[in-house]
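Architecture at a glance
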Amino acid sequence: MNYSRFITTVSAARKASPIRLLTELMQKSPPSLISLAGGAPNPNVFPFKRATVDIGHGIPIEIGEDLMKRALQYSASAGIPELLSWLKDFQQTLHDPPTANYSPEQGQMEVCVTTGSQEGLCKVFEMLINPGDNILLDAPTYSGTLAALRPLGCNIINIPSDQHGIIPKALKEILSAWSPEDVKNCSHHLPKFLYTIPNGCNPTGNSLTTERKKEIYQLARKYDFLIIEDDPYYFLQFEKPWAPTFLSMDVDGRVIRTDSFSKILSSGLRIGFLTGPKPLIDRVVLHIQVSTMHTSTFTQIMASQLLQQWGQKGFLEHIDRVVDFYRIQRDAMLTAADKWLKDLAEWYPPAAGMFLWIKIKGISDTQQLIMEKALKKEVLLVPGGAFNIDSSEPSSYVRASFSLPSPAQMDLAFKRLADLIKESL
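A few points on the structure. (Residues numbered from 1 in each chain as written. Predicted model: local features only at pLDDT ≥ 70, side-chain atom pairs only at ≥ 80, totals over all residues. Heavy atoms only, no water.)

1. Topic: the overall build of the protein chain
A tally of regular secondary structure across the protein chain gives 13 helices and 15 strands. Relative to the compact-globule value of 22 Å for 425 residues, the protein chain shows a C-alpha radius of gyration of 23 Å, a close match. When its C-alpha atoms are laid out on the principal axes, the protein chain stretches across 75 × 60 × 40 Å. Pairs at least 24 apart in sequence give 74% of the contacts found in the protein chain among residues at least 6 apart. For the protein chain, the exposed surface amounts to about 19100 Å²; the carbon and sulfur share of it is 55%. Between the averaged position of the 43 positive side-chain charges in the protein chain and that of its 44 negative side-chain charges there is a distance of 2 Å. (Helix = DSSP H or I, 4+ residues; strand = E, 2+ residues; numbered from the N terminus. Rg over C-alpha atoms; globule rule 2.2 N^0.38 Å. Contact = heavy atoms within 4.5 Å. Areas by Shrake-Rupley, 256 points an atom, 1.4 Å probe, with all protein chains shown as cover. Lys, Arg positive; Asp, Glu negative; His and termini not counted. Charge placed at Lys NZ, Arg CZ, Asp CG, Glu CD.)

Listed below in structure tokens is the structure:
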């Protein structure tokens, strides 16, 4: 892979921060080293001394004085070593990426910790996108992604999708606009990457099938674009076996994958992680060095202590409990939808995630219905237009989340929505 053709001028110009390198060097040095180099504050003056965190399905995490001093201090930009090591082992066990044993130049699998997967996504976009670049995605999609992309001045090409995600035939048709000569000559008009949420897409709940992923990956090879596999709902798949990931198919080193602990450990901890070819992940880390510097050391240590206590087996058992909860929530929402909305709307049961994507019959745009009338009925959903590339484009859809409300609240909410739809028709 020639990664240089994907990287922007700004990203290519990034150099390692000498101070950040010193910080990482000091953390690997023996206790006998006397350092006059660092600008780290003295942890003895910090007011926080120790902490105990009680754990469901585990023993309490004890953060004593020595570990607390480390937790409150600066740390390496790519992530603390023990968390990075755990995550690399986990990704190799779970996805078995072909790139794990490649050389760095070939696109060896690398991992870095980010402050939520959103930080990772934004830094990947800024690494890859020049104004005027073509990029591919399947909208409706996550509004945070669209908000990050719009200011970068790229040309967003929408790929048609259905309840099983991107339609490969439609993608192939769009890509046919570029000739083999364009690919051979690395035309700057070629799409830089395809972005997709392959499991439980926010907002649609769509999940890509294995066969479609294989077809899409082969098209990425043919037209030489990267795949950004944004997968925050990977661990919220309701049926096993879980679908193979693009990362597991990546023989070229062309997949950048985002994962998140937000839906399964805590959204407030702000821990996500990027997995992808080392030459690209290294560029992201250089950006982290001069922006957030690193994800909170304290939250990384909390997560790392928990994961080491649980091990991969205990972590996956926790995932099973989380999935059981969300499956019950999903089923409760489907029951309420069948009861109140059957003749008024259409939907597909989501195979993953935490959203139901509802098409309301007879209403061409739900914006006014939700933002003005629904509040008066004391029910709130997200109008579908928020997830379109052009948010002013009319949408007959609404997104309902089943993560927080009780079954009784879902039932009442859909009754109120049904009344509102009937009044508006």
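2. Quick word on the sheet that holds strand E8 (residues 193–196)
Overall, mixed pairing links the 7 strands, which are arranged E3-E11-E10-E9-E8-E4-E5 in an open sheet. Each having just a single partner strand, strand E3 (109–114) and strand E5 (155–158) make up the two edges of the open sheet. Direction aside, the axes of adjacent strands within the sheet are offset by 20° on average. This element, helix H5 (residues 116–128), spans E3, E8, strand E9 (226–230), strand E10 (255–260) and strand E11 (272–277) of the sheet and lies at about 160° to E10. (Pairing = 2+ DSSP bridges. Axes fitted to C-alpha atoms, helices over the stretch in contact; angles between N-to-C directions.)

3. Points about the sheet that holds strand E13 (residues 355–360)
Backbone-to-backbone hydrogen bonds join strands into a sheet, with any given pair of strands oriented parallel or antiparallel. Strands sit in the order E12-E13-E15-E14 across an open sheet of 4 strands; the sheet is antiparallel. Taken across any chain shown, the strands that pair with only one partner, and hence form the sheet edges, are strand E12 (345–346) and strand E14 (382–383). With 5 bridges connecting them, E13 and strand E15 (residues 397–401) associate as antiparallel partners. Across the sheet, the residue bridging to Leu356 is Ala400, located in E15.

4. Description of the pattern of salt bridges
Scanning all chains against the criterion turns up 23 salt bridges. The salt bridge involving Glu119 is made with Lys123; its shortest N-O contact spans 3.1 Å. Highlighted residues: Glu119 and Lys123, both in helix H5, separated by 4 residues, approximately one helical turn. The burial state of Glu119 is the same as that of Lys123; both residues are buried. Each of Arg5, Arg221, Asp224, Asp252 and Arg254 takes part in one network of salt bridges that share partners. (Salt bridge = Lys/Arg side-chain N within 4 Å of Asp/Glu carboxyl O. Buried < 20%, exposed > 50% of the residue type's maximum accessible area, 1.4 Å probe, protein only.)

5. Digging into a nonpolar patch on the surface
Together, Ile19, Leu22 and Leu25 make up an exposed nonpolar region whose accessible area comes to about 280 Å². Residue position: Leu25 is located in helix H2 (residues 18–28). What makes Leu25 exposed here is its relative accessible area of 54%. (Patch = residues over 30% accessible without salt bridge, like charges linked within 9 Å, V, L, I, M, F, W, Y side chains within 5 Å.)

6. Notes on the packing of aromatic side chains
Two measures describe an aromatic ring pair: the distance that separates the ring centres and the angle between the ring planes. Applying the stated criterion across every chain, the model contains 17 aromatic pairs. Note on Phe238 and Phe402: the rings are 6.5 Å apart at their centroids and 45° apart in plane angle, and the pair reads as tilted. On the criterion of sequence distance, the pair formed by Phe238 in the loop between E9 and E10 and Phe402 in the loop between E15 and helix H13 (407–424) is long-range, its members being 164 residues apart. You'll find Phe238 and Phe402 in the same group, each marked buried. Among the aromatic side chains, those forming a connected cluster through ring pairs are Trp86, Phe90, Tyr234, Phe235, Trp242, Phe261, Phe273 and Phe315. Of note, Arg5 hangs over the ring of Phe6, and the distance from its end group to the ring centre comes to 4.3 Å. (Phe/Tyr/Trp six-rings, centres within 6.5 Å; stacked < 30°, edge-to-face > 60°. Lys NZ or Arg CZ within 6 Å of the ring centre and 35° of its normal.)

7. Overview of helix H7 (residues 168–175)
Within H7, the full set of buried residues consists of Pro168, Ala170, Leu171 and Leu175. Around the axis of H7, the buried residues are gathered within 160° of arc, so they sit on the same side. Across from the buried face of H7, at angles greater than 90 degrees, the exposed residues are Lys169 and Glu173. Where H7 is buried, its residues contact strand E4 (134–137), strand E7 (165–166) and helix H9 (210–223). (Arc of directions from axis to C-beta.)

8. Concerning the nonpolar core
In this structure, Phe193, Phe315, Leu341 and Phe414 are the most contacted members of the largest nonpolar core, which totals 98 residues. At 16 residues, helix H11 (residues 297–340) tops the list of elements feeding residues into this core. Aside from chain neighbours lying at most four places away, what touches Leu341 is Ala336, Trp347, Ile358, Phe414, Leu417, Ala418 and Ile421. (Core = buried A, V, L, I, M, F, W, Y, C linked by side-chain atoms within 4.5 Å.)

9. Digging into the environment of Thr258
If you trace the backbone, Thr258 turns up in strand E10. Distance in space between the C-alpha atoms of Thr258 and Glu119 is 9.9 Å, their sequence separation being 139 residues. The residues touching Thr258, leaving out its near neighbours within four places in the chain, are Ser117, Leu121, Glu229, Asp230, Asp231, Pro232, Phe273 and Leu274.

10. Brief notes about the pairing of E13
The element E13 is extensively covered by neighbouring structure, given that 5 of its 6 residues are classed as buried. Direction of pairing for E12 relative to E13: antiparallel, over a ladder of 2 bridges. Within E13, the position partnered with Glu346 by the bridge is Lys359.

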